[in-house]
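Single-letter residue listing:
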Amino acid sequence: MTSVQPYPRAVEPRPPEPTFLGMPPFPEAARTALSDAQLRANLRKATHTIRARRQAVVDELPDWERLRAAGAAIKDDVLAHLPRYLEQLEASVTAAGGTVHWARDADEANAIVVDIVRAHGVDEVVKIKSMATQEIDLNNALGRAGIAAWETDLAEMIVQLGHDLPSHLLVPAIHKNRREIRDVFVAEMGRVGRPAPAGLTERPADLAEAARLHLREKFLSAKVAISGGNFAVAETGTVCVVESEGNGRMCLTLPDVLVTVLGIEKLVPRWEDLEVFLQLLPRSSTGERMNPYTSMWTGVTDGDGPRHFHLVLLDNGRSDVLADPVGRQALRCIRCSACLNVCPVYERVGGHAYGSVYPGPIGAILTPQLRGLNQHDVDAQTASLPYASTLCGACFEACPVLIDIPQILTRQRAQLTDLGRGPAHHAEKAAMRAVDWAFGQPWRLGLAQHAASFSRHVVGRKGRIGKVPRLLGGPLGRWTAARDAPAPPSESFRSWHKRTAGGLEEP
Amino acid sequence: MRIALFITCFNDTMFPETGKSVVRLLRRLGHEVDFPYAQTCCGQMHFNTGYRNEARGIARSFVETFAPYDAVVTPSGSCAAMVREQYPVLVGGAAPATAAGFAEAVGAVAPRVYELSEFLVDVLRVRDVGASFPHTVAYHPTCHSLRSLGVGDRPLRLLRAVRGLRLVALPRADECCGFGGTFAVKNAETSAAMGRDKAAAVLESGAQVLCAGDNSCLMHIGGVMSRQHAGVRVMHLADILASTGPHPELDTFPSGDLAAR
Amino acid sequence: MSKLTWRRGGHTAPVAKPEPVERGASKAEMLGRLRDALADNRPPRAEVDRSYRRERDAGTDLVGRFAERVADYRARVLRADSSDLVETAAALLREAGVRRLVVPPGERLAWLAATGVELVYDDPPLTVTQLDAAEGVATECAVAVAETGTIVLDGGPDQGRRALSLLPDYHLCVVRAEQLVGTVPEAVARLDPYRPQTWISGPSATSDIELDRVEGVHGPRRLHVLLLA
């Protein structure tokens, strides 16, 4: 089955893939993103499209709320008994002919995968889109070992060919529109394999066809495939991958060796539990009743699919997340990305601003926890993430496993401030103390109100405060950079109420 | 029924007219409200910014102040949500010595705190509050009243019963306006971008007045529209429900439209 | 334990033996960390409430619902009964322009020869290059779900191995009335987790370009369903 390769493999030298290391804190990254009009238009179109699709297929299920509750309960059961279910999974996968590996962190997981690939004597692998392998930066680890990893999901391929970073869990190239994608294909495909067809248009169907042709030779010749997994059933050892394009089926079926890197929270206890998640995930994710392809396999099967199956169980900070009784909800996440698609902040700034492979609301709670916020100090970028939300609650409303994202965000803010960590500078603390002092006693609040009322004579004009110089204004400067502020009234409600006995003695 | 008004620190200081509207409105409906002077704040800003200990202190004084009342009405969806949703969270972190008493006080007071439209529709069971406001109005459901409290269409039911008021639909109404408390200054650019999109939706609606149950969000949206000289006024729900005739600074539309909703 | 057992398959590549000792320690450490994380504050036991719908609502026209939902994915659906089965299949294949059809080993789909197409049996197994070059494939299925318009293949004798329905660009799937269920839970209950499964809902598709759905990427770009009811 050795196929002729008519195009240069050109795997070397492959430049290292970009990573999120060294990204600026959220407000700064957001500012850059907001100034990119094309990006904002792309994001707006994509998120509004998917929102409408999701709502339509969610509304047609009369038992949606019960499914959500069941999904959350199943995941909570998994988390409460994670050690037991992991050992059960290991036993059932092993019994079905697979091999299970345990990886405490990214380095260990990468080393395991590199060892497996090397043991089979190959220098390239095909990959199914997988958040876990992005999280551990597997592609660069393979690259350092002289192994080329080809992303085969269309969007991942767009990101990889464009030397770009993913900006969405489900559609990592959401920040690119069709014209930009065409340009990447034309410029880059030929450098790593079959070039884009001559005269490639920006029609999505033509772009998909170009991807089909480019990747087909890689699928037919690959010996080793690497995947993540959406679910793994402890009871049976069955692993499940949910996808759309068929690149997953190619990777899961054609090569001799399959390596699956699985976050330890991806377990479900029982086979029947899939009946819940196979309803929740596609409807929340792509807004379809069912995604085009779902593959399930249990170990290895004679005469069908890979002969060797390795399952790498990845911790990489998850046990720390589990230790937080509130934050651990984040481990229920099934990576559907509904929270990104409904998030008004994500819609404006896109995924890169979050500085992590996990963007959007789920990223804002998961990334800081995976980076140890519950345990120790974190860098300024990480510490900026819990504030990257208006707490509007659209994410919680959309989450298929009922993760109370706003609750975790405020908890993380408390962890950052109460424990004296994080970005709250001295001015904010002083301001909060001052406000706290005023709220401690009504007379103090009255005093502060008199001061505010007096200030209207200083700053107000026609009842409005226009732009206040940034340096002078502090928070008022930041507020008035984009919007007017009302001048404080001449009299507080409290003063009015006292003066007029609640309006009864009003003239 | 003993009714207390929780004005909120923000309305008290910045938007006293809204408090006066609540008092006048309820008086018109035959109810006197107490205004306990010991009240200050619900602690939301502290809680949402991460200052939980400070928020807890404020919450203690809140439940103490309002304990004697059968119902507490407040012209703020987000402050009502703070008390009902987050005070139980604050109970969880309270010092063991005082936790039981605090929990009991929260359990007694928090469920009796109502946002204005909830209070009118659910407690007083009114829909027509006898108001008149012959102008075109769009209603923005603020996030906390929409998602935390679940006030649903109560404000719309009240507005539809206002004489002369023409209610127009706000496109993409359930999208956050971008205020978000300290988000508005910590992530000022993103907040402003969201505010501009909301303002665009308001203009699209054709409303003369944008109405909501939270002056904080209205201050943000109104501030954006004021900067743009958009010519659209923002008004709290209470101010419209207390109104008994045309607003002096607004045009009225031709009488043929008055029947339209 | 992480024993690397790739020798077992008798693979061609030389196999280096990694050091499994340290990896056993990883397992112990991971489980220890997880137990510590749960030690002080194990969540309360959560009973899973399965009061969601497990069966279709009474009175649903399963066949009609399935046909409608499959068509929603822009797959072609034709209904037939035993009297016009061959004729209908022939019409579909003509429409697809397919003259040679890969079929799984065995006689279940032998009747398709009567449509005039040449049948190529996957016996002995075809190479991937042969499959890639094939015009189309025909299979039956294990279960079909009306509510989601999904067909499920599980490697049964009327379906063959997974690669069959993957590489050719055209897939004709014959679904019999008795294979139809109403809901996803009914399908899960019927299926055997130890068989490799492929759940197929319409042709290969992507939403990766501006989140608009485009049919046709790597799997078969055309899916025809012949509904025998």
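Counting restarts for each chain, with residues numbered from 1 along the sequence as it is written. Think of it this way: whatever chain is written first is A, whatever ligand is written first is 1, and the rest follow in order. At least 70 in pLDDT is required for a residue's local features to be given in this predicted model, at least 80 for side-chain atom pairs to be given and counted, and no such filter applies to totals for whole chains, interfaces and linings, which use all residues. Only hydrogens and water are removed before side-chain values are computed, so all heavy atoms of the structure are retained for them.

### Details of the interface of chain A and chain C
Residue contacts follow a heavy-atom distance rule, with two residues in contact if any of their heavy atoms lie within 4.5 Å. Residue-level contacts link 113 residues of chain A with 86 residues of chain C. Counting each side, the surface lost to burial between chain A and chain C is near 8,900 Å², with a carbon and sulfur contribution of 56%. Here the buried area means the combined drop in accessible surface, using a 1.4 Å probe, for two parts upon being joined, counting both sides. Contact with chain C buries area across many residues of chain A, yet W102(A), R104(A) and R212(A) alone supply 8% of it, more than any other trio. When the shortest N-O distance is used, the salt bridge between E210(C) and K45(A) registers 2.7 Å. Pairs of N or O atoms are called polar contacts if they sit within 3.5 Å, as long as, within protein, a hydrogen donor faces a hydrogen acceptor (for residues adjacent in sequence, only side-chain-to-side-chain pairs). The interface formed by chain A and chain C contains 41 residue pairs in polar contact (both at pLDDT 80 or more). In terms of residue count, the dominant contributor to the side of chain A that touches chain C is helix α10 (residues 204–221) of chain A (eleven residues). Three residue categories are used. Nonpolar comprises Ala, Val, Leu, Ile, Met, Phe, Trp, Tyr, Cys and Pro, charged comprises Asp, Glu, Lys and Arg, and polar comprises the others, including Gly. Class assignment for the residues of the side of chain A that touches chain C results in 53 nonpolar, 27 polar and 33 charged. Just to be clear on terms, a salt bridge is a Lys or Arg side-chain nitrogen sitting within 4 Å of an Asp or Glu carboxyl oxygen. A run of H or I in DSSP becomes a helix once it reaches four residues, and a run of E becomes a strand once it reaches two; helices and strands are each numbered from the N terminus.

### Looking at the packing of helix α11 (residues 188–205) of chain B against helix α12 (residues 215–227) of chain B
Residues and elements named next belong to chain B. Close contact between α11 and α12 brings their axes to 9 Å; oriented N to C, the two are set at 75 degrees. As the angle between them shows, α11 and α12 are arranged roughly perpendicular. Counted together, S191, G195, R196, K198, A199 and V202 of α11 and H220, I221, V224 and M225 of α12 form the full contact between these two elements. Taken together, the residues that form the contact of α11 with α12 break down as five nonpolar, three polar and two charged. The axes used here are C-alpha line fits, helices contributing only the stretch in contact, and every angle between their N-to-C directions lies in the interval 0 to 180 degrees. Here roughly perpendicular refers to angles of 65 to 115 degrees, roughly parallel to angles under 35, roughly antiparallel to angles over 145, and oblique to all remaining angles.

### A short note on the environment of Y73(C)
Take Y73(C): it is sitting in the loop between α2 (62–72) and β1 (76–80). Distance from Y73(C) to R56(C), taken between C-alpha atoms, is 21 Å for residues 17 residues apart in sequence. Each residue touching Y73(C), except ones within four places of it in the same chain, is listed here: R289(A), M290(A), T148(C), G149(C), S201(C), G202(C), P203(C), R213(C) and E215(C).

### Considering the nonpolar core
Membership of the largest hydrophobic core comes to 160 residues, with the highest contact counts inside it found for F185(A), L313(A) and W199(C). At seven residues, the largest contribution of residues to this core is made by helix α3 (residues 64–80) of chain A. Each residue touching F185(A), except ones within four places of it in the same chain, is listed here: L154(A), M157(A), I158(A), L161(A), A196(A), L200(A), L207(A), A210(A) and A211(A). By nonpolar core is meant a set of buried Ala, Val, Leu, Ile, Met, Phe, Trp, Tyr and Cys residues that side-chain atoms within 4.5 Å join together. Throughout this description, buried means an accessible area under 20% of the type-specific maximum (1.4 Å probe, protein chains only), exposed means over 50%, and partly exposed covers the range between. With 65 residues, the next largest nonpolar core counts F493(A), L26(B), F62(B) and L237(B) among its residues.

### Things to note about the sheet that holds strand β5 (residues 136–139) of chain B
All names here are of chain B. Each pair of strands is called paired provided DSSP finds at least two bridges between the two strands. Spatial ordering of the open sheet is given by β6-β5-β7-β8, a layout of four strands whose pairing is parallel. Of all strands in the sheet, those with a lone pairing partner are β6 (166–168) and β8 (233–236), marking the two edges. With strand direction ignored, the average angle separating the axes of adjacent strands in the sheet is 35 degrees. Inspection of the sheet shows β5 paired to β6 by three bridges, in the parallel sense. Looking at the pairing, V137 lines up with L167 of β6. Across the sheet, α12 is in contact with β7 (209–212) and β8; its angle to β8 comes to roughly 175 degrees.

### Some remarks on the packing of aromatic side chains
To pair, rings of Phe, Tyr and Trp, with the six-membered ring standing in for Trp, must have centres within 6.5 Å; the planes then decide the type, stacked if under 30 degrees apart, edge-to-face if over 60, and tilted in the middle. Throughout the structure, instances matching the rule amount to 15 aromatic pairs over all chains. Ring geometry for F62(B) and Y87(B): centres 5.7 Å apart, planes at 85 degrees, overall edge-to-face. You can see F62(B) sitting in helix α4 (residues 52–66) and its partner Y87(B) sitting in helix α5 (residues 77–92), a full 25 residues away along the chain. For F62(B), a relative accessible area of 2% corresponds to the buried category. Taken together, the aromatic side chains of F6(B), F62(B), F66(B), Y69(B) and Y87(B) make up a single cluster linked through ring pairs. In this structure, K75(A) packs its charged tip against the face of F277(A), placed 5.7 Å from the ring centre. Should the NZ of a Lys or the CZ of an Arg lie within 6 Å of a ring centre and within 35 degrees of the ring normal, that charge is described as sitting over the ring.

### Considering the interface of chain A and chain B
Opposite the 70 residues of chain A that make contact, chain B presents 64 residues. Summed over both sides, the interface between chain A and chain B buries roughly 5,700 Å², with carbon and sulfur atoms accounting for 56% of that surface. Where chain A touches chain B, the interface holds nine salt bridges. Linking chain A to chain B there are 31 residue pairs in polar contact (both at pLDDT 80 or more). For the side of chain A that touches chain B, the class distribution of residues is 31 nonpolar, 15 polar and 24 charged.

### Points about the sheet that holds strand β4 (residues 224–227) of chain A
All names here are of chain A. Strand order in the open sheet formed by six strands is β1-β10-β7-β4-β2-β3, and the pairing between neighbours is parallel. The outermost strands of the open sheet, each flanked by one partner alone, are β1 (99–103) and β3 (148–151). Across the sheet, the axes of successive neighbouring strands diverge by a mean angle of 25 degrees, strand direction being ignored. With two bridges joining them, strand β2 (residues 124–127) and β4 adopt parallel strand pairing. Each residue of the ladder has a partner; that of V126, found in β4, is A225. Across the face of the sheet, helix α4 (residues 82–95) comes into contact with β1, β7 (257–263) and β10 (308–314) while running at roughly 150 degrees to β1. With respect to the sheet, helix α5 (residues 106–119) is in contact with β1, β2, β4, β7 and β10, its orientation differing from that of β1 by roughly 145 degrees.

### Examining the domain arrangement of chain B
Residue and element names in this part refer to chain B. Partitioning chain B into domains gives domain 1 (3–123) and domain 2 (136–257). With 27 residues of domain 1 in contact, the opposing surface of domain 2 contributes 24 residues. Both sides together, the interface formed by domain 1 and domain 2 hides about 2,000 Å², and carbon and sulfur atoms give 63% of it. Scanning the region where domain 1 abuts domain 2 turns up one salt bridge. Boundaries between domains were set according to an automatic or database domain assignment.

### Observations regarding the environment of S243(B)
Residues and elements named next belong to chain B. One can find S243 in the segment after α13 (237–241). Look at S243 and you get buried, because its relative accessible area is 13%. Put simply, S243 and G130 are 113 residues apart on the chain and 8.8 Å apart in space, counted from C-alpha to C-alpha. In this structure S243 touches R28, A131, S132 and F133, once residues within four positions along its chain are discounted.

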